[in-house]
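A structural walkthrough
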Amino acid sequence: MADSAAQEFDILVLGGGSGGYAAALRGVQFGMSVGLIEKGKVGGTCLHNGCIPTKALLHTAEIADGARESEKYGVRANFESIDMDGVNKYKDGIVAGKHKGLQGLLKSKGVTVIEGAGKLVDQQTVDVDGTQYKSKNIILATGSYSKSLPGLEIKDRVITSDEALKLDYVPKSVVVLGGGVIGCEFASVWKSFGADVTIVEALPSLVPNEDATIIKNLERSFRKRGINFSTGVRFDSVDQRSDGITAKLEDGKTFDADLLLVAVGRGPVTDGLGYEEAGVTMDRGFVITNERLHTGVGNIYAVGDIVPGLQLAHRGFQQGVFVAEEIAGHNPAVIDESGIPRVTYCEPEIASVGLTEAGAKEKFGEDSVQVQEYNLAGNGKSSIIGTGGLIKLVQEKDGPVVGVHMIGSRMGEQVGEAQLIVNWEAFPEEVAQLIHAHPTQNEALGEAHLALAGKPLHG
Ligand SMILES: Cc1cc2nc3c(=O)[nH]c(=O)nc-3n(C[C@H](O)[C@H](O)[C@H](O)COP(=O)(O)OP(=O)(O)OC[C@H]3O[C@@H](n4cnc5c(N)ncnc54)[C@H](O)[C@@H]3O)c2cc1C
């Protein structure tokens, strides 16, 4: 690496995860010099400890379920067991391939990757393990970590998603603390791998941010799959022994298992990084920005999980791109958080974008919202692949579709059209006139809009 005096950039990005590396790649496209500081591996949580490895596990889970149900489809196969060495080889191979690809991409595009732990020194300087780098603009993108509860130590049989991704065996039983996205995804994987799973959620339901109809459907599906769950009662404590754990709830109920997975959310990685000292406004560790992701201090911006809002990789990508364009003077359109698509990749998958029915009623008034449900039982392709589920549309009365909520195997793939519908503020009759290929699950979206436009075909 060249000496520090020579290291002056147009943009310095602190953190090479989804938000940081996207900003770096977009920045060099404008001919700017970009330094990307990363203390671990470029790709961050999403590539190494998040989206990619969990979805590989979920794909293995789908294959295991397929083997169990093969007879139904006229295939003579038996599900014997999960070979975790094989699973990890497959998962790690995907991650390593994508990591290599990303490293090559950053290099070929001219991003200077600086390996080491960075700390903000002042509005134009970052220290990386003793070497100082200057920049006209700085983007904070240090991401998030798995949180725990006060007094709940992550140790041995009490693990987070980080350790769960490295397990070299299938636990016989697991208690999953937290019924949000990460909790439901791991519960789904382990159930398919043959474990007994119990989810413990303090709020009244699993995936509490989803539409009530979707929640009901997921809970029914999980019950049918034999995934146990307790909702509405808070976790109290865990007793950890050499042969297992006992999780205790505040109502005195206990659950025994091999492992306790703590999936209670993710906190921002900002502690001790000099942000506050540089004058950046912080709130419980999160970096506060305006809608243009500017911190209000010098030319310092922030993107990704450290900015309050949905902690999703594609939000981080978009914010990274946005900030690079902003710095380049392109005046990009402000990102509308409510238009960000969300997928929970458990079985069945949940995909949603926009307002829930309750959210729409709160915004437009009780009588100014229309909803339409379309059951996947009427969809040929869904029957072929053996899934039930539904699509629920939420419409501002006589106005555009403001929310699309879907549940069923593989429905995550349908979120692309759903997000166009919501973000382009399409009216039901506009979507209804578009042709959806037959037989696809995508067709169900078309049918739902036909029904909402008052002309159901198969409804
Ligand atoms: C189990 C799990 C599953 C997930 N699944 C999905 C999914 O399916 N879809 C989805 O959209 N999102 C998913 N997410 C969320 C997604 O991973 C995050 O939203 C995304 O990674 C956030 O990107 P980021 O750039 O803000 O931070 P990160 O990806 O966390 O990257 C931050 C980077 O900064 C580096 N860093 C931190 N401090 C310093 C420092 N001082 N100096 C140098 N480098 C530093 C870190 O090493 C890290 O590489 C999942 C997360 C988890 C944990």
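Parameters at a glance
Residues numbered from 1 in each chain as written. Predicted model: local features only at pLDDT ≥ 70, side-chain atom pairs only at ≥ 80, totals over all residues. Heavy atoms only, no water. Near = heavy atom within 4 Å. Polar contact = N/O pair within 3.5 Å; in protein donor to acceptor, adjacent residues only side chain to side chain. Areas by Shrake-Rupley, 256 points an atom, 1.4 Å probe, with all protein chains shown as cover. Helix = DSSP H or I, 4+ residues; strand = E, 2+ residues; numbered from the N terminus. Nonpolar A, V, L, I, M, F, W, Y, C, P; charged D, E, K, R; others polar. Pairing = 2+ DSSP bridges. Contact = heavy atoms within 4.5 Å. Axes fitted to C-alpha atoms, helices over the stretch in contact; angles between N-to-C directions. Salt bridge = Lys/Arg side-chain N within 4 Å of Asp/Glu carboxyl O. Buried < 20%, exposed > 50% of the residue type's maximum accessible area, 1.4 Å probe, protein only.

**Details of the site of the ligand**
- In the vicinity of the ligand there are 38 residues, among which E38, T45, K55, D305 and A313 approach most closely.
- In this structure, an oxygen atom belonging to the ligand sits 2.6 Å away from a side-chain N or O atom of T45.
- Between the ligand and the protein, one listed contact pairs an oxygen atom with a backbone N or O atom of Q311 at 3.3 Å.
- Protein chains shield 94% of the accessible area of the ligand, which is 1,000 Å² for the free molecule.
- Elements with a contribution of two residues or more to the shell around the ligand: α1 (18–29), β2 (34–38), α2 (44–49), α3 (51–68) and α8 (313–327).
- Looking at the shell around the ligand residue by residue, the classes come out as 12 nonpolar, 20 polar and 6 charged.

**Examining the sheet that holds strand β8 (residues 158–159)**
- Sheet architecture is open: 5 strands sit in the order β8-β15-β9-β10-β11, paired in parallel fashion. Since the sheet does not close on itself, it has two edges, and those belong to β8 and β11 (228–231), each with one partner.
- Pairing of strand β10 (residues 196–201) with β11 involves 4 bridges; the strand directions are parallel. Paired with T198 across the two strands is N228, which belongs to β11.
- Its contacts with the sheet place helix α6 (residues 181–193) against β8, β9 (173–177), β10 and β15 (259–262), and it is angled at close to 165 degrees to β10.

**Observations regarding the pattern of salt bridges**
- Taken as a whole and judged by the stated rule, the model has 16 salt bridges.
- For the salt bridge of R284 with D283, the shortest nitrogen-to-oxygen distance reads 3.2 Å.
- Classification of R284 by relative accessible area gives exposed; the value is 75%.
- By relative accessible area, which is 34% here, D283 ends up partly exposed.
- Each of D211, E357, K361, E366 and K392 takes part in salt bridges that share partners, so that together they form one network.

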